[in-house]
Structure formats: structure tokens, C-alpha cells
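# Examining the three-dimensional arrangement
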Amino acid sequence: MVNRQRSTPAEPTDVSVDRLSQDELDVDTYRVVEPDGSYDPEATPDLDDESFRDLYRWMVLQRTFDDRATKLQRRGRLGTYPSGRGQEASIVGAGFALADQDWIFPYGRETAALLMHGLSMRDLLLYWRGVEDASRMEGANIFGLAISIGSHIPVVAGKAWGMKLADEGSVAFANLGDGATSTGAFHEGINFAGVLGAPAVLFCQNNQYAITLPFDGQTNADTVAQKALAYGIDGIRVDGNDVLAVYNAVAEARKRALEGNPVLVEAVTYRRGAHTTSDDPTRYRSEDEVEEWKERDPLERYQTFLEETGRWDAIDEEAIREEVDEEFSAAVDAADEFAERGVEEMFAYLYEEMPPELERQQAAFEQVLEERPEMYEYIEQRPKG
Amino acid sequence: MNATIIQAVNDALHEEMGNDERTLVFGQDVAESGGVFRATEGLQDEFGEERVLDTPLSEIAIVGSAIGLATHGYRPIAEIQFSGFLPPAFDQLVTNASRIRWRTRGELTAPMVVRTPYGAGVRALEHHSESLEAVYGHVPGLKVAIPSTPHDAKGMLISAIRDPDPVLFMEPKHVYRSLREEIPEGTYTEPLGKAAVRQEGDDLTVISWGAMMHNTLEAVENLGVDADVIDLRSISPLDRETILESVKNTGRCVIVHEAAKTGGFGAELMATINDEALMYLKAPINRVTGFDVPVPLLSMEDYYIPHPPRIETAIEETLEY
Ligand SMILES: Cc1ncc(C[n+]2csc(CCOP(=O)(O)OP(=O)(O)O)c2C)c(N)n1
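Keep in mind it's a predicted model, so treat the numbers as computed, not measured. (Residues numbered from 1 in each chain as written. Chains lettered and ligands numbered in written order. Predicted model: local features only at pLDDT ≥ 70, side-chain atom pairs only at ≥ 80, totals over all residues. Heavy atoms only, no water.)

## Points about the site of the ligand
Surrounding the ligand, one finds 19 residues, the nearest of these being Y107, R109, G179 and Y209 of chain A together with E59 of chain B. Lying at an intersection of chains, the ligand is approached by residues of chains A and B. For the ligand, a nitrogen atom lies 3.0 Å from a polar atom in the backbone of I149 of chain A. Look at the ligand: alone it shows 580 Å² of surface, and the protein chains cover 96% of it. Split into classes, the residues belonging to the shell around the ligand amount to nine nonpolar, seven polar and three charged. (Near = heavy atom within 4 Å. Polar contact = N/O pair within 3.5 Å; in protein donor to acceptor, adjacent residues only side chain to side chain. Areas by Shrake-Rupley, 256 points an atom, 1.4 Å probe, with all protein chains shown as cover. Nonpolar A, V, L, I, M, F, W, Y, C, P; charged D, E, K, R; others polar.)

Shown next as C-alpha cells:
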């Protein structure tokens, strides 16, 4: 009989087992404009002056929207709002690299990308007021926001698959945070996209935190970009505070995706504000760290580039600021004017044809509202919309 | 001490972590900052980084690793930040946690608690407001507890942690901070699987749980009816005796819950009463529930919630039948 008695195994003899480790991986961070404003002329994207100006304008708009939306929330005129402060270059650079026919799968912080893709500012404000109607994303190829983190990645794989089947020459573009890369849905979705050769671009803004959790608590991997390799797709790591680098990286990823090679892009950036308006970041990170990243401000870096290349003189910063401010005010007015909705709204759109029981529930509720007006005392009107 | 539900939960965690070294608390944002609702505040300071830790954004692994830990002699207390993010981990609850004792013929067990805030009414984003207790209550082998008061939150959570089987502990976040009551200092338990009679009366039985318990009590008070008001407290196991005894006495019953109506837990209660006390009924059992729709986003959310006027209407109908 075989002796099955166990003991602690002896130290293994050295038989030269090859070990694959991330230490052998060199993941560069792609950059066009250095933090000090110096830049690589070779890598400067071939854009006209108006586009260079627009990139700046969109970043100003992102920042303005974040500031003013946060203030509106404080005054009870908006629900929870997630600011993209600090991430303007990632948001804008990525959005600018997409084509109208591409589909954006948003996470929540990408205001400017959604607006440049055709969403109206009024509708975006209505969304943050908790108005279902705004989820139509009217006039824009934008999917619903993935509030359940990571939940959209497998859907992106399917959407991209469909685009490939239909031979559309467009990509499905997913926004996600570093936190999302820990979810099961991310791993299943990215693997699927890889196997299918689906034109998907997974754009991860590694803003260093998932609510309170810093990146090194999120994963034992050194980078997000390297996660692409396990699934046999390409990864790009880009300086997320360099709008031109992000633009180039996403444009490249888009091209690769259209050739049947999905790409995971990691934009390394920093969320300078709170996670959302219900969060207090001073509880979990230091002022020093925030200050450090403030010095890498994406708008300032880009402004330096514009100055260095002689494009700044043609840009009227004051006028841009006034313009986006007015645009925001007008959008708030338009949102305020949005017609008050009836209870039928709650029951609509669940099915193409409303089942009888749902009709009955709606009718019964309407009757209660009519017979018991005191009901309205319990129904607080939420942020106006 | 005078406590809110959230403070009571926090107090229970402090107590039980102090009582039992095998306990661990983990989940998203629970350690460093004490959780988005502050339920776990102070725990890491007191019990250290090994027993109180922040995890990656991985619901499947949070619940799954709790099962592994539990089978290894630990007492994991995992937090799922909002119950709307539990569905990815449903697989772990169903495939592993709920049936491990059964599958191994008692060789392995999973004494673990998954705590999660649930329910509507806090102006949150999509997926933050659902009440899927009936779905979880449908899983054989999984206990589902829902306290509605600070006193019960503490006592029931301690029971859940000590329970030899997996317990999903659903906390009604709408009333996390809106109620206060005196709760005992130190360790005490409230049983799982036992309903509480909040008020006694002979005219009818009103059954509810979670945040809706308070709307129910308010409706009963507004009407001034002589009602037996039962706080179910446990979806699974179900305290059939308390319900049946009450309904046999009153002959009338209204059930109030926030979850959608179809397949909601009210349906199970009606079936139970039908099975065992049909002949005692003087009126059809009435239900006041959420609608068969997703909980609306925040601007319409309050239309969804069963407020006292809807409950009052149902009670009046039942009494007048
Ligand atoms: C599946 C799931 N779990 C938990 C949450 C709660 N939650 C909302 S945002 C967030 C952190 C997300 O971090 P990350 O993906 O890095 O994006 P960021 O917010 O940093 O942009 C968490 C845990 C959620 N929305 N979905």
C-alpha cells in the first residue's frame, strides 16, 4: 500500500521553474505634453486650430458644469452628483476621439463627452434631478448610465459584436473607473470582447480612488492597462491629465478596435473632488495628495501647450467662460420649465403593451390620489423637474 | 443608550467583535471611513486592520469569500454597500452559502452575515432603492432578517452573527437615522424567526416590516383602529404562529410592504393564512405594496412608496367588508 502519511514538504529543489510576473512587464505611460508644458511635436495630433480651441472649451465646460451642478445639489435643486474635477483631460480627450456613430456607455462623470456626443445639457441636468425621461439620451448614441459598477461591460461586448455583424464601422466605448475593473462583469465582458474580436474600447479612468479605496487596495496589479494582456487584447496606459495624449490614445484604440482588436485604455488621473456630493473626501485622503495633483491640473497644462505653440493668443478665455456659463444657466432654465409629470410616468415603458394588472395598479393609485389629497403631503416633491 | 438604527447596528458590531475574536467585518469602504452610512465607524480603530477591512469593488468575492471564511471557522460579517448591488453575488448565496450545510450533510456550515441597506426613500441613484427580500426569502437555506427599530437592529444583528447559518440582514435605510429609542447597553439578542407584536387589538391584523412598519403604525394611529400590528422581522424563517394566532382572533388582515406586488412576500403571507386560517376570515386579505415597476428615480420615488393614506384606504376597506 502506498504510504499516504503527509508531512510538510521539503524545500523544493531548484528545477528552474519559469515564473511569469508583472515585474517583467514594462508599462509605459504615454504622454504628449509633459507636466511642465514641454511637448513632443511629433506626437501632436493633426488637428486644426479650431479643434485645439474646442478641446480647451470642452474642458472649461466640464469644469463649469461640475462646479455649478455641485452648487445646485447643495441648494436641493439636483440629486446626488458625481463631479469629474481633475479628470477633464481624460473626459474631453476621449470624447473628442469618438465618431458620432460610436456608442458611448457612460459611467457618470463624463459630462463633456456626453454633451459633445449630442446630449442636451438640459437633459443631463434632468437626469441628475432623477427624471426618467432624460434617460432617453435623445439625439445621441449614448446608453443608460451604468450606476451598478461594471454592469455595462458585457453589454458593451454585445453591442460591439452587433456593430461588427452589421459591419457598421463604429465602436462601443465604455467608460469605467478603476473600481469597475474588480467586478466579475468586467472580466467576463472583456474576455468575451477579446474572443469575439468585437470593436469595443474600454476606457478606464484610473482616478486613484473608488470612493474611499485607493488604487493599491483595489488590485494587486501595478496598472489597469496590463489587465488587457490576460485576455489577449491590447492595453494602453496614458497620462490622463494630458488631453492630447488621451485623444491620441483613444483614437488609436478606436482604430485598433475597428480592425477587430478591442483595447483597454487606462487613463491615469486623479479625482480632485469628492466621490459624489454625498461624500466627504477629507476622511480618507490627505490635503497634500490633493495639492500635488492640483499642480498637474489638466487645463493649465493644456494652456501652457497652447501658449508654447502660439495658439493661445487666438483664444478668448473670458469669452469662453462667459459662453459656457450662459449655456449652463440656459440649461437650468430649460430644466426648470420641464413639464411636471403625472403618475402614469411610473408605469410607462415597462412593456410595449401594458399588462392588465399594471393597468389596474395605475388606475387604483390614481383613484387613491383623487380620493385622498392628503397623500400629497407625504409625496415630497423632489428636486424640481 | 439612545440610538438610531445605524448607531444600533454599529453598537452591535462593536459588541460582537469584542465578544468573539473570530468575527471579521469587510466590504467596500467599511474600514477607513466607517462605511457610506457610518455603520462600521470606529471598528477598525478598535479591532485592527486584520479584522476590519476595505475590499475591492467585488460583490461576488465579498460574499463568496465570506463563505470560505465561514467554513474555515471564522464569523464573517460582510457589507454590501446597497442591496441593489447584491444581485451579482446572488449566485454565491444560492450556489454555495445557502446549501453548504445541506450539500455536505452537516460537515461544513456557513455561519456568516451579509448586511445590506435596502429600500427606497433616500434620493439615491438607480439601483439603490429596491426591496428584493422575497427573492432572497425564496432561497432555501438562507435566512433573511429585517429589523425596523434600533432595539431590534442591535439584538437581531447579534443573533444573526451568532446564527449557525447564513443570514442576509437587510437594513431599512430610509429609517436609518429618522428614529431613536433607548436600547440596552452591552450584549443582548432578539431572536430571528420571531415576529414582534407592536400593538394589540381585536379589529384586524396589520402585518409589515422594514421601513413600511412605520408608515403602517402611522396609518393605524391616524385611523384610531383597534389593530394587532405585527412586525414580521424575519422573512425567513417565517413566524407563522404569531400571524395565524392574530388572524384567527381578528378575522381580518392587511399586509403592507414596499416591494413590488407580484410575487412579493405579501403573497406568501396570504397563502399561509389561506392554508391555515381561511375559515376564520371575515374579509379578503388586503395588500398595500409597491407597484410592479422598478422604483422610480428620485423625482417620482415618493409616489411609489406606500404612504399612510394608501394603507388607511386598505384598512378601511377591510374593516367595512
Ligand atoms: C456593483 C456596485 N457596487 C457598489 C457600488 C457603489 N459605488 C458607487 S461608485 C463606487 C466606486 C466606483 O469607483 P470607480 O469604478 O473607480 O469609479 P470612480 O467613482 O472612482 O470614478 C462604488 C463602490 C455600485 N454603484 N455598484
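What follows picks up the thread again.
## Concerning helix α14 (residues 356-371) of chain A
Helix length check: α14 of chain A (16 residues) gives 22 Å between terminal C-alpha atoms against 22 Å at 1.5 Å per residue, within 8%. Taken residue by residue, α14 of chain A has L358, Q361, Q362, F365, V368 and L369 of chain A as its buried positions. Projection of α14 of chain A onto a plane perpendicular to its axis shows the buried side chains occupying an angular sector of 125°, all on one side. In α14 of chain A, the exposed positions that point more than 90 degrees away from the buried face belong to P356, E370 and E371 of chain A. Taken together, the buried residues of α14 of chain A touch α13 (344-347) and α15 (375-378) of chain A together with α11 (301-304) and α12 (308-320) of chain B. (Helix = DSSP H or I, 4+ residues; strand = E, 2+ residues; numbered from the N terminus. Expected span 1.5 Å × (residues − 1). Buried < 20%, exposed > 50% of the residue type's maximum accessible area, 1.4 Å probe, protein only. Arc of directions from axis to C-beta. Contact = heavy atoms within 4.5 Å.)

## Here's the deal with a nonpolar patch on the surface
Taken together, the side chains of W161, L165 and F192 of chain A present a nonpolar region at the surface, about 350 Å² in accessible area. Turning to its location among the elements, L165 of chain A is positioned in helix α5 (residues 153-165). (Patch = residues over 30% accessible without salt bridge, like charges linked within 9 Å, V, L, I, M, F, W, Y side chains within 5 Å. Salt bridge = Lys/Arg side-chain N within 4 Å of Asp/Glu carboxyl O.)

## Some remarks on the sheet that holds strand β3 (residues 52-54) of chain B
All names here are of chain B. A sheet is described by the order of its strands in space; here seven strands give the open sequence β3-β2-β4-β5-β7-β6-β12, paired in mixed fashion. Two strands close off the open sheet at either side, each with one partner strand: β3 and β12 (234-236). Here the strands of the sheet are splayed against their neighbours by 20° on average, with no regard to which way each runs. Bridging between strand β5 (residues 113-118) and strand β7 (residues 167-172) involves six bridges; their strand directions are parallel. Bridge pairing links V113 to V167 in β7. The strands touched by helix α1 (residues 5-19) are β2 (23-27), β3, β4 (75-79), β5 and β7; relative to β2, the strand with the most contacts, the crossing angle is about 135°. (Pairing = 2+ DSSP bridges. Axes fitted to C-alpha atoms, helices over the stretch in contact; angles between N-to-C directions.)

## Concerning the pattern of salt bridges
Within the structure shown, the criterion is met by 47 salt bridges over all chains. Its salt-bridge partner being E357 of chain A, residue K261 of chain B comes within 2.8 Å of it at the nearest N-O pair. You can see K261 of chain B sitting in the loop between β13 (253-260) and α10 (265-277) and its partner E357 of chain A sitting in helix α14, one on each of two chains. Accessibility expressed as a relative area gives 16% for K261 of chain B, which makes it buried.

## Section: the domain arrangement of chain B
All names here are of chain B. Looking at the assigned domains, one finds that chain B contains domain 1 (2-182) and domain 2 (196-320). The centre of domain 1, based on its C-alpha atoms, is set 26 Å off from the matching centre of domain 2. With 28 residues of domain 1 at the contact, the number on the domain 2 side is 22 residues. In this assembly, domain 1 packs against domain 2 so that about 1,900 Å² is buried in total across both faces, 59% of it on carbon and sulfur atoms. Taken together, the links from domain 1 to domain 2 amount to two salt bridges. Across the pair R198 and D152 runs a salt bridge, and its minimum N-O distance is 2.6 Å. The interface formed by domain 1 and domain 2 contains 12 residue pairs in polar contact (both at pLDDT 80 or more). Of the residues assigned to the side of domain 1 that touches domain 2, the class counts are 14 nonpolar, eight polar and six charged. (Domains from an automatic or database assignment. Buried area = accessible area lost by both parts, 1.4 Å probe.)

## Quick look at the side chain of Q361 of chain A
Mapped onto the secondary structure, Q361 of chain A falls in helix α14. Engagement of the side chain of Q361 of chain A in a polar contact is seen with the side chain of E357 of chain A, the distance being 2.8 Å. Among the polar contacts made by the side chain of Q361 of chain A, one reaches the main-chain amide nitrogen of D292 of chain B at a distance of 2.8 Å.

## Some points on the nonpolar core
Within the largest apolar cluster, 110 residues are counted, with the highest numbers of intra-cluster contacts made by V63, L86, M112, W209, L232 and L269 of chain B. In terms of residue count, α1 of chain B provides more of this core than any other element does, seven residues in total. Each residue touching L86 of chain B, except ones within four places of it in the same chain, is listed here: V63, I80, L93, V114, Y136 and L168 of chain B. Counting residues in each nonpolar core, the second largest holds 75 residues, with I104, L115, M137 and A257 of chain A among its members. (Core = buried A, V, L, I, M, F, W, Y, C linked by side-chain atoms within 4.5 Å.)

## Points about the UniProt feature "domain: Dehydrogenase E1 component" (unreviewed entry) in chain A
Within this numbering scheme, the UniProt entry marks residues 56-338 of chain A as carrying the feature "domain: Dehydrogenase E1 component" (unreviewed entry). Counting secondary structure, residues 56-338 of chain A comes out at 47% helix and 11% strand; the distance between its end C-alpha atoms is 31 Å. (UniProt positions renumbered as here; feature names shortened; annotations may be inferred.)

## Some remarks on helix α12 (residues 317-337) of chain A
The periodicity of an α-helix, 3.6 residues per turn, causes residues three or four places apart in sequence to face the same way. Residue and element names in this part refer to chain A. A rise of 1.5 Å per residue sets the reference length of α12, with its 21 residues, at 30 Å; its end C-alpha atoms lie 30 Å apart and thus fit the reference within 8%. Buried residues of α12: I320, V324, F328, A331, V332, A335 and D336, and no others. In a view along the axis of α12, the buried residues occupy a sector of 150°, so they form one face of it. Away from its buried face, by an angle of more than 90 degrees, α12 presents the exposed residues E318, E326 and E337. Residues of α12 that are buried sit in contact with α1 (49-74) and α4 (121-128).

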